[in-house]
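Secondary and tertiary structure notes
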Amino acid sequence: MEDPGVRRWLISCDESGVHGSAHYGFGSLWMKWQRRGDFFDDIRKLREKLKFTHECKWTDVHSKHDMSFCRDLISYFFQRKWLVFHCLVVCKDSVRKKEFHNDDWDLARRKHFTMLLTNKMRKSLRRFPDREHEFQVHVDRIASHYAKADEAVGVISNNILNAQFRGRSPVKSVTTRDSKETPAIQLCDLLFGAVMET
C-alpha cells in the first residue's frame, strides 16, 4: 500500500525543434503515480473505441480519423485534474551558446531540459515541505551525442535539489522509453506539438 505521506509523480517528456528550427523546447506530462494504471487503461479503451492502432504524434495527424482520436485524447487530458502539462520553449536567438554552453547546442538543450524539470520539482518540494517526494521520469530518446543524457538529467536534478533541500534526492530515475509503446509520451507530444505550432 502506498505511503500517504509520499507524493509520487510519473513525468513523461518529449522534445521538439532539434532539426534546424528557430525554436526548440521540451514538454512534460505530470501524472500522479497511483493513477498511471487508470491512464493506460483509459487510453487503451479510447484506442479500441476509435480503432486507432498507430502511434499518436502531432506531426502525423493528417486524416479525420487521426483528428478524432487526438481531439478525444486532448479532451481526456483537460477532464483529468491529476494530469498536468508543463513546457519550455526556447528561442535559439536568445541563447548565449558560446558564453554559457561551450558553443554546443546539444549541451544547451540538455541544460534547458534539466532546468524545466528541476524548477517544477523544486516548486513541488516547497509547496509540501513536510512530505517526501519521488519523481520517475520517462523521456523519449533525447537527441544528444552523449550516450547517458537521460541519466545525467536525474543526477544533476538531484544534486541541485539536494543542495537546496538537505538530504533530498527525489528523482528516482530518468529512463528513455520508446514513444511508440508509451501513451503518456504520445499525449505529451500531442500537447507540446500544438504549443510549438502557435
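Our subject is the structure listed above.
Read on for an overview of the structure. Along each chain, residues carry numbers from 1 onward, in the same order as the chain's sequence is written. Confidence filtering applies because this is a predicted model: local features only for residues at pLDDT of at least 70, side-chain atom pairs given and counted only at 80 or more, and all residues used for totals across whole chains, interfaces and linings. Just so you know, side-chain values use all the structure's heavy atoms and leave hydrogens and water out.

**Considering the overall build of the protein**
Rules: Numbered from the N terminus, helices here are DSSP runs of H or I no shorter than four residues, and strands are runs of E no shorter than two. Only C-alpha atoms enter the radius of gyration, while the globule expectation follows 2.2 Å times N to the 0.38, with N the number of residues.
Helix and strand counts for the protein stand at six helices and five strands. In sequence order, the secondary structure elements of the protein are arranged as β-β-α-α-β-α-α-β-α-β-α. For the protein, the C-alpha radius of gyration of 17 Å lies close to 16 Å, the compact-globule estimate for 198 residues. Overall size of the protein, expressed as C-alpha extent along the three principal axes, is 50 × 45 × 30 Å.

**What to know about a nonpolar patch on the surface**
What counts, and what does not: Each patch is assembled from residues with relative accessible area greater than 30% and no salt bridge, linking like charges that lie within 9 Å and nonpolar side chains (Val, Leu, Ile, Met, Phe, Trp, Tyr) that lie within 5 Å. What sets the accessible areas is the Shrake-Rupley method with a 1.4 Å probe; for residues, cover comes only from the shown protein chains. We define a salt bridge as a contact between a side-chain nitrogen of Lys or Arg and a carboxyl oxygen of Asp or Glu at a distance within 4 Å.
There is a patch of nonpolar side chains on the surface, built from Val155, Ile156 and Ile160 and spanning about 230 Å² of accessible area. You can see Val155 is positioned in helix α5 (residues 149-164).

**Quick look at the pairing of strand β2 (residues 23-32)**
The cut-off we apply is this: Three exposure classes are used, based on accessible area relative to the maximum for each residue type with a 1.4 Å probe and protein chains only: buried under 20%, partly exposed in between, and exposed over 50%. In this scheme, strands are said to pair when DSSP sees at least two bridges between them.
Along β2, eight of the ten residues are buried, which leaves the element largely enclosed by surrounding structure. As paired elements, strand β1 (residues 6-16) and β2 share eight bridges and run antiparallel to each other. Among the inter-strand pairings, Cys13 is bridged to a residue of β2, identified as Ser28. Across nine bridges, β2 lies against strand β3 (residues 83-91) in antiparallel orientation. Along β3, the bridge assignment pairs Gly27 with Cys87.

**Digging into unusual backbone geometry**
The phi dihedral of Lys51 falls on the positive side, at around 55°, and the residue is not glycine. As for its placement among the helices and strands, Lys51 is situated in the loop between α1 (36-50) and α2 (64-78). According to the relative accessible area criterion, Lys51 is exposed, its value standing at 65%.

**Considerations on the sheet that holds β2**
The condition that has to hold: Axis lines are fitted to C-alpha atoms, over the contacting stretch for helices. Their N-to-C directions set the angle, which ranges from 0 to 180 degrees. We call two residues in contact when some of their heavy atoms are within 4.5 Å.
Strand order in this open sheet of five strands is β3-β2-β1-β4-β5, and the pairing throughout is mixed. The sheet is open, and its two borders are formed by β3 and β5 (171-176), each paired with just one other strand. The mean inter-strand angle of the sheet, taken between neighbouring strand axes irrespective of direction, is 20°. Packed on one face of the sheet, α5 meets β4 (132-139) and β5 and runs near 160° to β5.

By themselves, these are just geometric observations and shouldn't be taken as functional.
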